[in-house]
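Read off the chains here:
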Amino acid sequence: MNDALCLQKISEYLDATLAGVNNYRAVAQNYGVDHYKISSVLATHHRGPTTALIEWLAATHTELTVKDFAAVVRQKAKRNDVALLLEAYDSNKN
């Protein structure tokens, strides 16, 4: 993601723990990140766990699209609000 403000907003939303929905942990687990890496690497990243996850995915899952990531966020984290932000980012970059 090139848009720093958009990434910050997405990260703030998905980092948050809210009743009835999941957060970045559910998304990370979908991509095979184990509990240890979530707790020791993502959760302690200086720019936040979602930013760390997105950076890791960009480096390791080079074929992953924003659209696909948004679908995982919607399905696994039950975060339609974050998925809509991702989709808006994706449509604005084209």
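Every value quoted in this text rests on a predicted model; they were computed, and no experiment measured them.

Analysis parameters
Residues numbered from 1 in each chain as written. Predicted model: local features only at pLDDT ≥ 70, side-chain atom pairs only at ≥ 80, totals over all residues. Heavy atoms only, no water. Helix = DSSP H or I, 4+ residues; strand = E, 2+ residues; numbered from the N terminus. Expected span 1.5 Å × (residues − 1). Buried < 20%, exposed > 50% of the residue type's maximum accessible area, 1.4 Å probe, protein only. Arc of directions from axis to C-beta. Contact = heavy atoms within 4.5 Å. Polar contact = N/O pair within 3.5 Å; in protein donor to acceptor, adjacent residues only side chain to side chain. Core = buried A, V, L, I, M, F, W, Y, C linked by side-chain atoms within 4.5 Å. Salt bridge = Lys/Arg side-chain N within 4 Å of Asp/Glu carboxyl O.

**Q** Before we go on, may I ask you to explain helix α1 (residues 4–15) in this structure?
**A** It helps to recall that an α-helix has 3.6 residues per turn; residues three or four apart then point in one direction. Compared with the 16 Å implied by 1.5 Å per residue over twelve residues, the 16 Å span of α1 between its first and last C-alpha is a close match. All of the buried residues in α1 are C6, L7, I10, S11 and L14. Along α1, the residues classed as buried sweep out an arc of 130° about the axis, all on the same side. Pointing more than 90 degrees away from the buried face of α1 are the exposed residues A4 and L5. Those residues of α1 that are buried are in contact with α2 (24–30), α4 (49–60), α5 (66–76) and α6 (80–93). Its side-chain oxygen 3.1 Å from the backbone nitrogen of L5, D3 forms the N-cap of α1.

**Q** When you look at the nonpolar core in this model, what are you seeing that I'm missing?
**A** In a soluble, globular protein the nonpolar side chains are often hidden away together inside. The biggest cluster of nonpolar side chains holds 26 residues, and the ones touching the most others in it are I10, L14, V27, L42, F69, V73 and L86. Counting residues per element, the ones that place at least two in this core are α1, α2, α3 (35–42), α4, α5 and α6. Setting aside residues no more than four positions away along its own chain, V27 makes contact with L14, L53, F69, V72, V73 and A77.

**Q** In this structure, what is going on with the pattern of salt bridges? I would like to understand it.
**A** Opposite charge on two side chains permits them to pair, given that their charged atoms come into close proximity. Enumeration over the complete set of coordinates arrives at three salt bridges. With a shortest N-O distance of 2.8 Å, R74 and E87 are connected by a salt bridge. Separated by 13 residues along the polypeptide, R74 in helix α5 and E87 in helix α6 bring together distant segments of the chain. The partly exposed category is assigned to R74, whose relative accessible area is 29%.

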